[in-house]
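# Structural overview for review
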Amino acid sequence: MTDIKYSYNTLVYAGEDIEVGIKRLAKYGYDGVDFVGEPETMDAERITKLLKENNIEASSICAIYTPERDLVSSNEKIRKNAVNYICQCVDFAAKIGAKGISVTPTACMKIRPEADIKQEWTWAVEGLKEAGSYALEHGIRLTVEAWNRYENYLINRLEQSLALVKEVDLPNVGCMGDTYHMNIEEEDIAEAFRLVGDKLFYVHIADSNRAAPGRGHIDFEPIAAALKEIGYKGYLSMELLPAAADPFMVLNGERCEEFYDQYTEESINFLKKLF
Ligand code: LER
Ligand code: MN
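Since this is a predicted model, take the numbers as computed values, not measurements. Residue numbers run consecutively from 1 along every chain, following the written order of its sequence. To label them, take the chains in the order written and letter them from A, then take the ligands in the order written and number them from 1. Selection of residues for local features in this predicted model requires a pLDDT of at least 70, selection of side-chain atom pairs for listing and counting requires 80 or more, and totals for whole chains, interfaces and linings are taken over all residues. To get the side-chain values, all heavy atoms of the structure are used, and hydrogens and water are removed first.

### Remarks on the coordination of the manganese ion (ligand 2)
This is how the line gets drawn: Because water is not among the atoms used, a metal site may look incomplete, as its donors are only the N, O and S atoms within 2.8 Å, or 3.2 Å for Na, K and Ca. Any site counts as irregular unless it has four donors with all angles between 85 and 135 degrees, making it tetrahedral, or four or six donors with opposite ones more than 155 degrees apart and the rest between 65 and 115, making it square planar or octahedral. Here a helix means four or more residues in a row that DSSP labels H or I, a strand means two or more in a row labelled E, and each is numbered from the N terminus. For every residue, the accessible area obtained with a 1.4 Å probe (protein chains only) is divided by the maximum for its type, and the residue is called buried under 20%, exposed over 50%, and partly exposed between those limits.
Distances from the manganese ion (ligand 2) to its protein donors, E145 (OE), D178 (OD), H204 (ND1) and E239 (OE), fall at 2.0 to 2.2 Å. For the manganese ion (ligand 2), the six donor atoms in the first shell make angles of 71 to 174 degrees at the metal, so the coordination geometry reads as octahedral. Mapped onto the sequence, the donors of the manganese ion (ligand 2) take the spacing E-x32-D-x25-H-x34-E. Remark: E239 occurs in the loop between β8 (235-238) and α9 (261-274) and H204 occurs in strand β7 (residues 200-205); sequence separation between them is 35 residues. There is no split in this pair, since H204 and E239 are both buried.

The structure is reproduced here in structure tokens:
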């Protein structure tokens, strides 16, 4: 018996109706669904109905950080827009019953600062305090995700995510690890999870090549042991993506066949054997 729950990021299901994805996840025994954070193009009422019908919950919102949604932009309007965007995701999460929203304080694939890095850190703290307070009022958590150096420069490792979370100092703002990014940046993935301890709110799982766990060279056994040791009770959400530098390229809707049924089924089976 374990308190771990399983989810799958529907980012890679772009190009098909969300109903097909929700039904697929229910069929393979998932507890939750990770939704793309584009509230304006998504029908919250329909999603809520589909989740209920398929007896599955919304685990989290995978927010999409574009250059216009950059919490540490040197342009104040863009910083405000990023806070507003997270607040819109909070409203969407509250409507569909999702528990959290992933946050990285820069645009995806922005790899160097525009302003003094200490200033950017301060903007990140300010923006997260503002969005985090709004999320708190709505019972939603913000999970600060560390991304690898090719997607971000400010938060690459969990120790940095933890430092930011401590400075923001809100009970609903915690850390999140993604084993794909961690495999590139952490000295020891299991140790990094241990360091974060009870501030670990969410986990993205992928192998070293961003394929299904078991298809790359990450050793998931010590990771599972560390998560058990720290008493992690949250979601393991598969975030599997094709081999492309830009993780959001999948949103163009090109189908990568193995990421639908094949990886969905084998990922949960692989992890259930470990936990
Ligand atoms: C998002 O969860 C992530 O890991 C980044 O690579 C951007 O998609
Ligand atoms: Mn991720």
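Here the narrative resumes, following the displayed structure.
### Structural notes on empty space enclosed by the protein
To be explicit about the condition: Both site types are read off a 1 Å grid over the protein atoms alone. A 1.4 Å probe that fits but cannot get out defines a cavity, while an open set with protein on both sides within 12 Å along at least five of seven lines defines a pocket; lining residues have an atom within 4 Å of a point. Grid points are joined across faces, edges and corners, and a volume is the space filled by probe spheres set on the points. Ten residue types, Ala, Val, Leu, Ile, Met, Phe, Trp, Tyr, Cys and Pro, are classed as nonpolar, four, Asp, Glu, Lys and Arg, as charged, and the remainder, Gly among them, as polar.
Enumeration over the complete set of coordinates arrives at three cavities of 30 Å³ or more. Approximately 90 Å³ is the volume attributed to the largest cavity. Lining the largest cavity are 15 residues, with C62, E145, W147, E239 and F248 positioned closest to its centre. Partitioning the lining of the largest cavity into residue classes produces eight nonpolar, two polar and five charged.

### Points about the nonpolar core
Stated formally: Take the buried residues of types Ala, Val, Leu, Ile, Met, Phe, Trp, Tyr and Cys, join any two whose side-chain atoms come within 4.5 Å, and each joined set is a nonpolar core. Contacts between residues were defined by any pair of non-hydrogen atoms, one from each residue, lying within 4.5 Å.
Y8, F35 and L236 are the most contacted members of the largest nonpolar core, which totals 95 residues. Setting aside residues up to four positions removed in sequence, L236 forms contacts with I4, K5, Y6, S7, V203, I205, L227, L271 and F275.

### Topic: the layout of surface pockets
Each pocket or cavity is described by its volume, and for the largest pocket that value is around 270 Å³. Residue lining of the largest pocket: 16 residues in total, with A14, E16, I18, V36 and M42 positioned closest to the centre. Within this model, the second largest pocket holds a volume of roughly 180 Å³. As for the second largest pocket, its lining consists of L71, E76, R79, K80, V83, N84, W123, E126, G127 and E130. Mapped onto the lining of the second largest pocket, the elements with two or more residues apiece are α3 (76-96) and α4 (117-137). Element by element, the count of residues in the lining of the second largest pocket is highest for α3, at five residues. Residues of the lining of the second largest pocket, tallied by class, amount to three nonpolar, two polar and five charged.

### Considerations on unusual backbone geometry
Even without a glycine there, the phi angle at M109 is positive, about 75 degrees. With respect to the element layout, M109 can be found in the loop between β4 (100-103) and α4.

### A word on the environment of N269
By the secondary structure assignment, N269 is in helix α9. C-alpha separation for the pair N269 and I47, spaced 222 residues apart in sequence, amounts to 26 Å.

### As for the packing of aromatic side chains
The condition is simple: Side-chain rings of Phe, Tyr and Trp (the six-membered ring for Trp) are treated as a pair once their centres are within 6.5 Å; stacked means planes under 30 degrees apart, edge-to-face means over 60, and tilted covers the remaining angles. Geometrically, a charge over a ring is one whose NZ (Lys) or CZ (Arg) sits within 6 Å of the ring centre while staying within 35 degrees of the ring normal.
Following the criterion strictly, the structure yields eight aromatic pairs and no others. For the ring pair Y8 and Y30, a centre distance of 5.9 Å and an interplane angle of 85 degrees mean the geometry is edge-to-face. Taken together, the residues Y8 in strand β1 (residues 5-8) and Y30 in the loop between α1 (18-27) and β2 (32-37) connect sequence positions 22 residues apart. You can call Y8 buried: its relative accessible area is 0%. Between the aromatic rings of Y65 and Y85, the centroid separation amounts to 5.9 Å while the plane-to-plane angle is 90 degrees, which identifies the pairing as edge-to-face. With a gap of 20 residues between them, Y65 in the loop between β3 (57-63) and α3 and Y85 in helix α3 connect regions that are remote in the sequence. Judged by relative accessible area, Y85 falls into the buried class, the value being 3%. Its end group placed over the ring of Y13, R24 keeps NZ or CZ at 4.4 Å from the ring centre. For the cation-ring pair, R141 lies above F201, with the distance from its terminal atom to the ring centre recorded as 3.9 Å.

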